[in-house]
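# Structural overview for review
Take a look at the letters that make up each chain.
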Amino acid sequence: MNTKTVRALLALVLLALCLATSAEDAVEGEAVAFATTTVEGEAFDLEAHREGWVAVNFWATWCKPCRKEIPDLDSLHRERQDVTVLGLAFEEVPPAEVIAFLEDYDASYPIAMVDVYDPPGAFGVPRVLPTTVMVDPQGRVAKTFVGPVTSEEIKAYIDGEGAP
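The numbering scheme is per chain: residues are counted from 1 as the chain's sequence reads. Where totals are concerned, whole chains, interfaces and linings use all residues; where local detail is concerned, this predicted model gives features only for residues with pLDDT of at least 70, and gives and counts side-chain atom pairs only at 80 or more. Side-chain metrics in this entry use all non-hydrogen atoms of the structure; hydrogen atoms and water are not considered.

## Focus: the sheet that holds strand S6 (residues 131–135)
The five strands lie next to each other as S5-S4-S3-S6-S7, forming an open sheet whose pairing is mixed. The open sheet has two free edges, formed respectively by strand S5 (111–114) and strand S7 (141–146), since each of these has just one partner strand. In this sheet, neighbouring strand axes are inclined to one another by 20 degrees on average, regardless of whether the strands run parallel or antiparallel. Only heavy atoms enter the contact rule, under which two residues are in contact if any of them lie within 4.5 Å. Every axis corresponds to a line fitted to the C-alpha atoms, with the helix fit spanning only the stretch in contact, and the corresponding angles, defined between N-to-C directions, vary from 0 to 180 degrees. Helix and strand definitions here come from DSSP, where helices need a minimum of 4 consecutive H or I residues and strands a minimum of 2 consecutive E residues; each element is numbered from the N-terminal end. Its contacts with the sheet put helix H4 (residues 151–158) on strand S3 (53–59), strand S4 (83–90), S6 and S7, and the angle it makes with S7 is roughly 155 degrees. DSSP bridges decide pairing: two strands pair if at least two such bridges lie between them.

## Focus: the environment of Gly41
Here Gly41 is to be found in the loop between strand S1 (35–37) and strand S2 (43–45). Summary of the burial criterion: residues with accessible area below 20% of their type's maximum are buried, those above 50% are exposed, and those between are partly exposed, where the area comes from a 1.4 Å probe applied to protein chains only. Overall, the relative accessible area of 54% leaves Gly41 in the exposed class.

## Things to note about the state of the cysteines
The term disulfide is used for any two cysteine sulfur atoms that are within 2.5 Å. One pass over the full model with this rule turns up one disulfide. Residue pairing for Cys63: its cysteine sulfur links by disulfide to Cys66, the two sulfurs lying 2.3 Å apart. The sign of the S-S torsion, about 75 degrees, decides the handedness of the disulfide formed by Cys63 and Cys66: right-handed. Look at Cys63 and you get buried, because its relative accessible area is 3%.

Taken by themselves, the reported measurements are silent on function.
See the structure below:
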């Protein structure tokens, strides 16, 4: 099987998964539990971040809007003590490829890989990359930003200025 065929099959599988469930299916107000291991081998558990907000950002190395978000999300993660950004690489590549990518797109926030065939049930499958799910200090899904989001939009939401 050639590379184009494999990629086409993967795209069909991802489409089927997206039709079955999506990050938009993460129910606002619903408590979520999620733990993973970052690409650096460190444990990350949402439970340990209940003192503030967590911005769970689904992204991929090939996604231009995702790459554009990284420096802005990194600034948000570093500047706001009440916000932790968690990057979830949503693509089927070896971890070494994501680690190599991060050498050029330095992010101070934790990044983990997501199995595209078994994504975290807490958030569903993103229909669009990037997608950012906001988890409030009580561990509940507060909002899902589908598509690119800026740190200013996240801050406005958290601070109540732009909350719907």
